[in-house]
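A closer look at the structure
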Amino acid sequence: MSPWQVLLVGWLAGTSTAPDPRHPQRTLRVCADPNNLPFSNSRGEGFENRIAELLAADLHLGLEYTWWAQRRGFVRRTLNAKTCDVIMGLPADMDIAATTRPYYRSAYVFVSRSDRNLRLRSLDDARLKSLRVGVQLVGDDGANTPPAHALAQRGLVDNVRGFPVVRDFREANPLRNIVDAVGRGEVDVAVVWGPLAGYFAQRGAVPLRISPVEVTSDEHWPMAFDIAVAVRKDEPLFRDRLNDALDRNRQAIERILDTYGVPRLTGRLAP
Amino acid sequence: MLTPDLGVLKSEAAAAISSAAAGCSSSFVVGISTAAASEPASVPPNQVFALDLVNPGTQKWTYKPDPVPAAQGVACCDVVNRGGTYYDGKIIFNTLDGQTLAVDAKSGKLVWRTTLGNIHQGETLTMAPLVVRGKVLVGDSGGEFGVRGWLTALDASTGKQVWRAYNTGPDTDVLIGAGFKPYYQQDRGKDLGVSSWPPGRWQTGGGTVWGFISYDPELDLIYYGTANPGPWNPDLRPGDNKWTCGIFARRPETGEAVWFYQTSPHDLYDHDGINESVLVDLPVEGKMRKLLLHPGRNGYVYVMDRQSGQVLSATPFAPINSSKGVDLVSGKLIPNEEKKPVSGRTIRDICPAAPGAKDWQPTAFSPQTNLLYIPHQNLCEDIEALEASYIEGTPYVGANVRYYIAPGFPGGSVDAFDPIQKKKVWTVNEKLPVWSGALATGGGLVFYGTMDGYFKAVDARTGKALWQFKTGSGIISQPTTFKGPDGNQYVAVLDGIGGWPGSVVVNQLDTRDQTAGNGWGAAMRELEHVTRPGSTLYVFALPPGAKP
């Protein structure tokens, strides 16, 4: 291969992802939580870190992080305060930002010890009345995780233990306690957001089994969510470039999600 | 003394506090310096400024505690601080990241600092401490994040913890013992702070203390209100959820509980009980009574016997349909089933809205008129369909809440309320919620500020407008008055839009989104056009020649 061919290839590759002149940028500026595995951490060990590296490389951009705990006001104080240009994972229908096409769809899952052989599928399972059930709780105004709402609506309260998602930020992996509580037998089953459950179930002391919470037609709480990359609402061209980069890296992204044990529902990603 | 016939007040001094500050605190005066705690949204919050009253407008010192920036990522409703206090040569105040600090009032040097709240778990401190019998009383904030509420006493000279009383959990934690004599049956029994919750749920049950504390030295009792139970969704916490949304009377020396009254058992609407208790002695049916006046977030002015905890009357002061009154025999709030929120279902026209008929803004009482001056808002809300959101990598859904001004009412009012006749004597209407405190002076004036940036004085007897001054930003602080080193009386107020309703301006929220700022978008659409961020301390004096 002559040096000219190398140059030509490089030039062609450059044209497909050339920076938009109206959006000159040299780095992909990502806002992320510094301590929230499996999603992200400050050592770059989360799957969102890995996918951000992939997109930055594809777009020939450097990668730069602004770290901020993903708590109330996160989008407002990071992306929408322009301390970064991208949040790697948000529900695709969030009104506060524009999102790319979703790159995975996951669901709340049941987590139980394999040796219990519970095989729960639905929140209507009568056994849930007598089991000790763990559920993730959000303390936010009037809002909560869909399984927390759905269990309460079924009158399942006294045997349900809440695990607040706002925990001491200085602990390593502050959110894994709900999965560990299943392993230790403190609860018989926990209802946990899929990516979190899949990742820590792989790393538990005892074998754990996960299965998606199936939704009946009269259930008005969504248990599955499309997750996408978020950008500011007034940057549609940048979003389009990210969409293209996501498309070009679809297989690599799937491999990363597999590595992290992210359970996915297929075939229902929004167009 | 300021009198109603004062003509005009003149602006004596104005000190810029910050270019983007939310001034939610009361400035207060010590010796010849006045200090104001401020809480900018974009620069490190919780600075304290000491201003020289001999050379108006000059700063003597500034104290910068540099709180953990993460505090701004977890604080509930805005980066606010409700003020500091002065005791024994020290300015004592809280910082958002969970610390109580004592700073030498003369030098501005740190005397002690004690960490009380765990910011990393969402626990913040926003209230103004009170010193009683050498003890600094401090309560926590952060009920939105599943923290457990408490009131703590620190030794004022060292900052060491003396006692802590939790507001949920077993009696030993709540400091309930043999001396606990609540007036009503439903508050008597063992460990109600455990049994009025689903198993273990009291551990993250809220009931924080982010309002003001009052002290009666004669009875030797402190009084404070407890905040809403967590989580907000009431289906997750069947039961009365004690000891949230109510008023505690305690001994300051030991923290021991003496009585409790629950204004909103099993709260459905975020109607905290944190509003202040005003302690006055007035004749009721010919007999002098030691009273406690509590204008509640749920819309009633409670007139209580502060020795026993008995409710003598509970009168609406704003539009209410979330409840049907208070049963004076049982002491219980009578709920309105039609307005009960059901998860996933749209419920319209709930009054008062979540911020209540009155939020943090302190009332004022004048012993000349025997009237309670109540600055407040008139808001209703719709709780609508589902909306997806995301924290800590966990998607969640919830009610889309939209606040709006109650149809047929002004956005805000200042009421002069007669607690004995149980009626309003006069009302001044404002377009926007009145989020500042009220100040009553011996000269028969009532001062308050508006969110569109007017500082006003009205006649305490009639409500007649006497004077106003346009400030640079909206006012959400507590006015104060003091005697200057020259012997003259001054009135001071800090402007600086912010707080929960003001967050639409400070955070530049999109008010086309009606649910922006937790539902304030719709009610506050106008605000962004009538004021701007920034904070200045204004000090007003009587004009030369005015009668003292």
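These numbers were taken from a predicted model, which means no experiment stands behind them. (Residues numbered from 1 in each chain as written. Chains lettered and ligands numbered in written order. Predicted model: local features only at pLDDT ≥ 70, side-chain atom pairs only at ≥ 80, totals over all residues. Heavy atoms only, no water.)

The number of helices and strands found in chain A is eight helices and 13 strands. Going through the 271 residues of chain A one by one, you find that 56% of them count as buried. Considering only residue pairs separated by 6 or more positions, chain A has 76% of its internal contacts joining residues 24 or more positions apart. When the accessible surface of chain A is split by element, carbon and sulfur atoms take 52% of a total near 11800 Å². (Helix = DSSP H or I, 4+ residues; strand = E, 2+ residues; numbered from the N terminus. Buried < 20%, exposed > 50% of the residue type's maximum accessible area, 1.4 Å probe, protein only. Contact = heavy atoms within 4.5 Å. Areas by Shrake-Rupley, 256 points an atom, 1.4 Å probe, with all protein chains shown as cover.)

Below, the discussion takes up the overall build of chain B. The helix and strand inventory of chain B stands at six helices and 38 strands. Looking at the 548 residues of chain B, the share that counts as buried comes to 67%. A separation of at least 24 residues holds for 58% of the contacts in chain B among residues at least 6 apart in sequence. Accessible area for chain B stands at about 17900 Å²; split by element, carbon and sulfur atoms hold 51% of it.

Take the sheet that holds strand 19 (residues 278-284) of chain B next. Residue and element names in this part refer to chain B. The strand order across the open sheet built from four strands is 19-20-21-22, with neighbouring strands paired in antiparallel fashion. Strand pairing shows two members of the sheet lacking a second neighbour, strand 19 and strand 22 (311-316), which therefore form its edges. Averaged over all pairs of adjacent strands, the angle between strand axes in this sheet comes to 30°, irrespective of strand direction. Where strand 19 meets strand 20 (residues 287-295), seven bridges bridge the pair, whose relative direction is antiparallel. Looking at strand 20, one finds that V284 is bridged to K287. (Pairing = 2+ DSSP bridges. Axes fitted to C-alpha atoms, helices over the stretch in contact; angles between N-to-C directions.)

A separate point is the pairing of strand 6 (residues 58-63) of chain B. All names here are of chain B. Sheet topology note: the strand 5 (residues 47-52)/strand 6 ladder contains five bridges and is antiparallel. Paired with F49 across the strands is T62, a residue of strand 6. Taking the residues between adjacent antiparallel strands as the criterion, strand 5 and strand 6 are bridged by five residues, where G57 takes a positive phi near 90°.

A few words now on the pattern of salt bridges. Residue and element names in this part refer to chain A. Per the counting criterion, the structure on display carries 43 salt bridges over all chains. A salt bridge links R127 to D125, with the shortest nitrogen-to-oxygen separation between them at 2.9 Å. In this structure R127 comes out as partly exposed when scored by relative accessible area, which is 34%. When the shortest N-O distance is used, the salt bridge between D188 and R132 registers 2.9 Å. (Salt bridge = Lys/Arg side-chain N within 4 Å of Asp/Glu carboxyl O.)

Moving on: the packing of aromatic side chains. All names here are of chain A. Taken as a whole and judged by the stated rule, the model has 32 aromatic pairs over all chains. Geometrically, the ring pair formed by Y108 and W193 is tilted, given 5.4 Å between the ring centres and 55° between the ring planes. Of this pair, Y108 sits in strand 7 (residues 104-113) while W193 sits in strand 11 (residues 189-193), and the two are 85 residues apart along the sequence. The exposure class assigned to W193 is buried, which follows from its relative accessible area of 0%. (Phe/Tyr/Trp six-rings, centres within 6.5 Å; stacked < 30°, edge-to-face > 60°.)

Moving on: the environment of B:L268. Residue and element names in this part refer to chain B. Following the sequence through the fold, L268 ends up in the loop between strand 18 (257-262) and strand 19. Judged by its relative accessible area of 14%, L268 is buried. Distance from L268 to P234, taken between C-alpha atoms, is 5.9 Å for residues 34 residues apart in sequence.

The peptide bond linking A:L37 to A:P38 adopts the cis configuration, its omega dihedral lying at 10°. Inspection of the secondary structure assignment puts A:P38 in the loop between strand 2 (35-36) and strand 3 (40-41). With omega at -5°, the peptide bond leading from B:C351 into B:P352 counts as cis. In this structure, B:P352 sits in the loop between strand 25 (347-350) and strand 26 (364-366). Positive phi outside glycine occurs at A:H60, with the angle close to 55°. Tracing the backbone through its elements, the reader meets A:H60 in the loop between helix 2 (47-58) and strand 4 (62-67). A relative accessible area of 56% means that A:H60 is categorised as exposed. Of note in the backbone geometry, B:D220 takes a positive phi value of approximately 55° without being a glycine. Following the sequence through the fold, B:D220 ends up in the loop between strand 15 (214-216) and strand 16 (221-225). The buried category is assigned to B:D220, whose relative accessible area is 16%.

Okay, helix 6 (residues 194-202) of chain A next. Residue and element names in this part refer to chain A. Among the nine residues in helix 6, eight count as buried, and that is most of the element. Turning to helix 6, its buried residues are G194, P195, L196, A197, G198, Y199, F200 and A201. On its buried face, helix 6 sits against helix 2, strand 7, strand 8 (133-137), helix 5 (177-183), strand 11 and strand 12 (208-212).

A few words now on helix 8 (residues 250-259) of chain A. Residue and element names in this part refer to chain A. Turning to helix 8, its buried residues are A252, I253, I256 and L257. Seen along its axis, helix 8 keeps its buried residues to an arc of 140°; they face one direction. Exposed residues on helix 8 whose side chains face more than 90 degrees from its buried face are Q251 and R255. If you follow the buried residues of helix 8, they end up packed against helix 2, strand 7 and helix 7 (236-248). Remark: G261 follows helix 8 within two positions and exhibits a positive phi of approximately 70°. (Arc of directions from axis to C-beta.)

Right, let's get into the state of the cysteines. Residue and element names in this part refer to chain A. According to the stated counting rule, one finds two disulfides over all chains in the structure shown. Sulfur-sulfur distance for the disulfide between C31 and C84 comes to 2.2 Å. Looking along the S-S bond of the C31-C84 disulfide, the torsion reads about -115°, which is the left-handed sense. On the criterion of sequence distance, the pair formed by C31 in strand 1 (residues 27-32) and C84 in the loop between helix 3 (74-77) and strand 5 (86-91) is long-range, its members being 53 residues apart. (Disulfide = S-S within 2.5 Å.)

What follows concerns the pairing of strand 5 of chain B. The element strand 5 of chain B is extensively covered by neighbouring structure, given that six of its six residues are classed as buried. Burial along strand 5 of chain B is two-sided: B:Q47, B:F49 and B:L51 facing one way and B:V48, B:A50 and B:D52 facing the other are all buried.

Turning our attention to the sheet that holds strand 7 (residues 85-87) of chain B. All names here are of chain B. Strands sit in the order 7-8-9-10 across an open sheet of four strands; the sheet is antiparallel. Of all the strands in the sheet, just strand 7 and strand 10 (110-115) have a single pairing partner and so form its edges. Direction aside, the axes of adjacent strands within the sheet are offset by 20° on average. Looking at chain direction, strand 8 (residues 90-95) and strand 9 (residues 99-104) are connected through six bridges and run antiparallel.

We now examine the side chain of B:H271. Residue and element names in this part refer to chain B. Structurally, H271 is set in the loop between strand 18 and strand 19. On the accessibility criterion, H271 (2% relative accessible area) is buried. In terms of polar contacts, H271 uses its side chain to reach the backbone carbonyl oxygen of A353, at 3.4 Å. Apart from the residues within four sequence positions on either side, H271 is in contact with C245, S264, R297, N298, S322, P352, A353, A354 and G356. (Polar contact = N/O pair within 3.5 Å; in protein donor to acceptor, adjacent residues only side chain to side chain.)

In short, geometric facts, not functional conclusions.
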